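Listed below are the residues making up each chain.
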Amino acid sequence: MNKICMTEDIPEREARAFETSSGDTIFVTQRDGCFYAYQNLCPHLQVELEFLENQFLDRDQEYIECSTHGALFRVETGECISGPCLGQSLEKVDIKVHSDGGIYLEE
């Protein structure tokens, strides 16, 4: 397992990007004390999601938003609920939160 950050690095209803050892970019977000991680790629155009560094969520910080075409994805599942990729999903990344407060990438 590869430690990517600490839980306090990801505030509630915010997201942070990280580069993995394989060179991929992922992001981690927190909702109601649970952490979710996804590949930083929109399933529609295969482009990165954020328009500014670490800006993965919509204005209300309710959904993950693709800055290219405004598609909205559920934080908990990655499922697209609005936009041209409706019904598709972000690619989930398996992470584990350890008792030391670290968030680890399961590789």
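Provided above is the structure to which this section pertains.
Everything numeric in this text was worked out from a predicted model, so none of it was measured.

Chemist: I tried to follow the layout of surface pockets on my own but got confused; where do I start?
Modeler: It is the rolling of a water-molecule-sized probe over the atoms that shows where space remains empty. In this structure, the largest pocket encloses a volume near 170 Å³. Along the wall of the largest pocket there are 13 residues; nearest its centre are Gln 55, Phe 56, Leu 57, Asp 58 and Gln 61. Its residues placed into classes, the lining of the largest pocket shows 4 nonpolar, 3 polar and 6 charged.

Chemist: Help me understand the sheet that holds strand β2 (residues 15-19), please; the structure alone is not making it clear to me.
Modeler: In any sheet, the strands associate via hydrogen bonds between backbone groups, in a parallel or an antiparallel arrangement. What the 3 strands build is an open sheet, ordered β2-β3-β4; its pairing is antiparallel. The open sheet terminates on both sides in strands that have one partner only, identified here as β2 and β4 (34-39). On average, each strand axis in the sheet is inclined to that of its neighbour by 25°, with strand direction left out of account. Pairing of strand β3 (residues 25-31) with β4 involves 6 bridges; the strand directions are antiparallel. Bridging from a neighbouring strand, Gln 30 pairs with Phe 35 of β4.

Chemist: Explain the pattern of salt bridges here, please?
Modeler: A pair can form between side chains of opposite charge whenever their charged atoms are brought close. A full pass over the atoms with the stated rule returns 5 salt bridges. The partner of Glu 62 in a salt bridge is Arg 13, with the nearest N and O atoms 3.0 Å apart. Here Glu 62, found in the loop between β4 and β5 (64-65), pairs with Arg 13, found in the loop between β1 (2-6) and β2; they are 49 residues apart in sequence, far enough to count as distant.

Chemist: Looking at this model, I keep getting lost on the sheet that holds β5. Mind explaining?
Modeler: The antiparallel open sheet is built from 3 strands, whose spatial order is β5-β6-β7. Looking at strand neighbours, the two that pair on one side only are β5 and β7 (80-82), the edges of this open sheet. The sheet contact formed by strand β6 (residues 72-73) and β7 spans 2 bridges and is antiparallel. By the bridge assignment, Phe 73 is partnered in β7 with Cys 80.

What counts and how
Residues numbered from 1 in each chain as written. Predicted model: local features only at pLDDT ≥ 70, side-chain atom pairs only at ≥ 80, totals over all residues. Heavy atoms only, no water. 1 Å grid on protein atoms, 1.4 Å probe; cavity = no way out; pocket = protein on both sides within 12 Å on 5 of 7 lines; lining within 4 Å. Points joined across faces, edges and corners; volume = space filled by probe spheres on them. Nonpolar A, V, L, I, M, F, W, Y, C, P; charged D, E, K, R; others polar. Pairing = 2+ DSSP bridges. Helix = DSSP H or I, 4+ residues; strand = E, 2+ residues; numbered from the N terminus. Axes fitted to C-alpha atoms, helices over the stretch in contact; angles between N-to-C directions. Salt bridge = Lys/Arg side-chain N within 4 Å of Asp/Glu carboxyl O.

None of this, on its own, says anything about what the molecule does.
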